[in-house]
Structure formats: C-alpha cells, structure tokens
Amino acid sequence: MVRMKTLSCIALAACLVAGGNVYALEIPHGGPLDKRVRFIDYKGAEVVQLVGHYGFSTHIQFSPSEAVQQIAMGDPDAWEIAPVGNHIFIKPKGKKPATNMTVITSRRVYNFELSAHWSQNGAHSNDMLFQVNFRYPEEIAARAKAEAEAREMQARLNQSDNPVPANWNYWSKGSEEVTPRKAFDDGRFTFLTFTNNSEMPAIYVVNQDGSESLVNTHIDPENPDTIVVHKVAAQLVMRKGNSVACIFNKSYDPEGVTNKSGTTIHGVERVIKGS
C-alpha cells in the first residue's frame, strides 16, 4: 500500500512537470542599455507574459510592416488600451488586472497574459516594463539573405563591364526593329546589342509552359546600346509597341553547360553573329 502511494506521487509529479511545459509563458528579456526596455522573439503558438504597474504605462511595439487591427480583452475594464499603427499602449486600472489580451494585426496574431501590481520602487522595479519590442527571426534571416543576394548580384554586375563571351549561338525571328544586331552570353548573363540611338524594347523570358515573364535587365554603362539580361535562357522575346521578335539560344542547357553545336529550326534564321 505504501509502495502504491509512492508510485502515485511520482506519477502526479510527472504530470505537474508536463503540465508546466504545456503552459510555459514567454517573458520579454531586458535590453543591453536599460532593463525596462525589453525584447522578445515572436512565436505565434506561445503566450507572452506582461506584468504592468499601476500608475505606469507599457508600450508594445510590433513590426513596422504591420498595423494593429483589433484587440480583444478578457476583462476590458481592467486595462486602458491605446493602439497607434504598429504600437499599443496599455495601463492597468482595475482592481483585478489579471486577464488575457489578443491582438490581431494585418499580419499576425499575438496572445498575452496580463497582470499588474503597485511598484515598490517606483520606476525602478525589477519587473518594470516601459517598452516591449517584438523581434522576428524569420524576417531578419530573410532580410540578411536578400542583402547577401543583392551584394552578390552587384558584384556580378560589376564584373559584367568586360564580359567574356561563352556562347554566340543565338538565332532570331520577327521584327527587325526590335531584333538585336548582336547577342551572346557569358554563362551568367545575356548581352543584347541594338542599333545606336534606337529605343530599347522590353525583354521577356519564355517559360516552359509558353507564358512570358518580364526579366530583370540593366543597360551596360560602358556600352549604352547593350541590354544586359540577368540570366541565360532558351528563348527571349523583345516587344515594343506592335513590334515583336524572338531570339533562340541554340546552345542553351538547363544544367548550365554550353553546347557549341546548335542547329536551326524551321522558320528561324541565324542573323545574329559574333565576331
């Protein structure tokens, strides 16, 4: 009988530990300059615990890319709430401040557990929260990736001032008005040279399903009659008004390997030649 009671106590303790993990709260951590300005990573499936103080307000700041749309309070009489853009200002006012708050923004949902008490040390209480700033690890990682890709692209563009042709095997069909007089690629970018002083056409890439997508380009600063297309493709389309032309990369390989032996197809003439 004593053994059964011991086992029951152990099982109960295990349940309490498991329950504690289920209902764990996220608590904002103090910043490097002032502990009253705190930071917390956004996790949509967790509840944030905020402790307020009577006579003091707390400023909650969300991502600049979102705006507060709706706030739901468990006890709306317990707190004063003032939303402004991507900010919320909260201040305890009721005798029973313990409640929950759900904030719906234009991008996310936030859940809070609120409580409050009178400060024993004025504005210098250990748990005082003047400001809580949400951080978004996924956004930070995506921004860092985009910045790295932009730097890599700029480095490539800087290298394209004096490109080394790897493939001249381009053929054309369509209006001469928008057909480049020279085309080649260096394995990364495609270079299309047009007649001097002519109006440059818009450049589109032809997708596998036959649809067209506008492709990123820039004008070569060293050769203003040349459009640099930021990719190598099997087929490109030039459009200007009612004038349309296509160029075909007969050495295109989706694996990125240049094949020097291209052959023509019916209705396509090789009018673009390298030197």
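Residues numbered from 1 in each chain as written. Predicted model: local features only at pLDDT ≥ 70, side-chain atom pairs only at ≥ 80, totals over all residues. Heavy atoms only, no water.

Considering the nonpolar core
Here's step 1: Of all hydrophobic cores here, the largest spans 22 residues; its most connected members are L50, I60, F62, F112 and F134.
Here's step 2: For this core, the secondary structure elements donating two or more residues are β3 (48-53), β5 (68-73), β7 (87-92), β8 (99-105), β9 (109-117) and β10 (131-135).
Here's step 3: The leading source of residues in this core is β9, at 4 residues.
Here's step 4: Those residues within four positions of F134 in sequence are excluded, and the remaining contacts are I40, Y42, V48, I60, Q61, F62, Y110 and F112. (Core = buried A, V, L, I, M, F, W, Y, C linked by side-chain atoms within 4.5 Å. Buried < 20%, exposed > 50% of the residue type's maximum accessible area, 1.4 Å probe, protein only. Helix = DSSP H or I, 4+ residues; strand = E, 2+ residues; numbered from the N terminus. Contact = heavy atoms within 4.5 Å.)

Thoughts on the pairing of β7
Here's step 1: In β7, alternate side chains face the same way, and those of I88, I90 and P92 are buried while those of H87, F89 and K91 on the opposite face are not.
Here's step 2: Judged from the 4 bridges that link them, strand β4 (residues 58-61) and β7 form a sheet pairing that is antiparallel. Looking across to β7, one finds that T58 is bridged to I90.
Here's step 3: For strand β6 (residues 79-84) and β7, the ladder comprises 6 bridges, and the chain directions are antiparallel. In the sheet register, W79 faces β7, and the bridge partner there is P92. (Pairing = 2+ DSSP bridges.)

Here's the deal with the environment of T58
Here's step 1: Among the secondary structure elements, T58 is positioned in strand β4.
Here's step 2: Along the chain, T58 and R36 lie 22 residues apart, while their C-alpha atoms are 9.7 Å from each other.
Here's step 3: Once you skip the residues sitting within four places of it in the chain, T58 turns out to touch I88, F89, I90, L129, F130 and V132.

Some thoughts on the sheet that holds strand β17 (residues 226-229)
Here's step 1: In spatial order, the strands read β12-β13-β17-β16; together these 4 strands make up an open sheet with antiparallel pairing. Every other strand in the sheet has two partners, leaving β12 (182-185) and β16 (217-219) as the edge strands with one partner each. Adjacent strand axes in the sheet meet at a mean angle of 20 degrees, parallel and antiparallel pairs treated alike.
Here's step 2: Sheet topology places β16 next to β17; 3 bridges connect them, and they run antiparallel. Across the sheet, the residue bridging to H218 is V228, located in β17. (Axes fitted to C-alpha atoms, helices over the stretch in contact; angles between N-to-C directions.)

What about the pairing of strand β13 (residues 190-193)?
Here's step 1: Residues T190 and L192 point to one face of β13 and F191 and T193 to the other, with burial holding for every one of them.
Here's step 2: Connecting β12 to the antiparallel partner β13 that follows it, the hairpin turn spans 4 residues, and G187 within it adopts a positive phi of roughly 95 degrees.
Here's step 3: The sheet contact formed by β13 and β17 spans 4 bridges and is antiparallel. If you follow L192 over to β17, its bridge partner there is I227.

Points about the side chain of T99
Here's step 1: Turning to its location among the elements, T99 is positioned in strand β8.
Here's step 2: The exposure class assigned to T99 is buried, which follows from its relative accessible area of 13%.
Here's step 3: In terms of polar contacts, T99 uses its side chain to reach the backbone amide nitrogen of D75, at 2.9 Å.
Here's step 4: In this structure, T99 is in contact with M73, G74, D75, W79, F112, E113 and L114, ignoring residues within four places of it in sequence. (Polar contact = N/O pair within 3.5 Å; in protein donor to acceptor, adjacent residues only side chain to side chain.)

Focus on the sheet that holds β3
Here's step 1: Here we have 4 strands laid out as an open sheet, ordered β3-β9-β8-β5, and mixed in their pairing. Strands with a single pairing partner mark the edges of an open sheet, and in this sheet they are β3 and β5. Taken over all neighbouring pairs, the strand axes of this sheet differ in orientation by 30 degrees on average, direction set aside.
Here's step 2: Both β5 and β8 contribute to a ladder of 5 bridges, which runs antiparallel. When the bridges of β8 are listed, M73 appears paired with M101.

Some details on the packing of aromatic side chains
Here's step 1: Enumeration over the complete set of coordinates arrives at 10 aromatic pairs.
Here's step 2: Geometrically, the ring pair formed by Y42 and Y136 is tilted, given 5.9 Å between the ring centres and 35 degrees between the ring planes. Highlighted residues: Y42 in the loop between β2 (37-41) and β3 and Y136 in the loop between β10 and α2 (137-159), separated in sequence by 94 residues.
Here's step 3: Owing to a relative accessible area of 22%, Y42 belongs among the partly exposed residues under this scheme.
Here's step 4: Y136 sits in the buried class, given a relative accessible area of 7%.
Here's step 5: Cluster of aromatic residues (ring-pair linked, three or more members): Y42, F62, Y110, F112, F134 and Y136.
Here's step 6: The cationic tip of R108 hangs over the ring face of Y42; the distance from NZ or CZ to the ring centre is 5.5 Å. (Phe/Tyr/Trp six-rings, centres within 6.5 Å; stacked < 30°, edge-to-face > 60°. Lys NZ or Arg CZ within 6 Å of the ring centre and 35° of its normal.)

Observations concerning the confidence of the model for the protein chain
It should be kept in mind that the predicted coordinates are not to be read in detail where pLDDT is low.
Here's step 1: Predicted confidence across the protein chain gives a mean pLDDT of 82, with 79% of residues reaching 70 or more.
Here's step 2: Here residues 1-21 is modelled with pLDDT under 50, and outside its nearest four sequence neighbours on either side it reaches 0 contacts, counting other chains as well.
Here's step 3: Here residues 257-269 scores under 50 on pLDDT; set against residues more than four positions off or in separate chains, the count is 24 contacts. (pLDDT = per-residue confidence, 0-100.)

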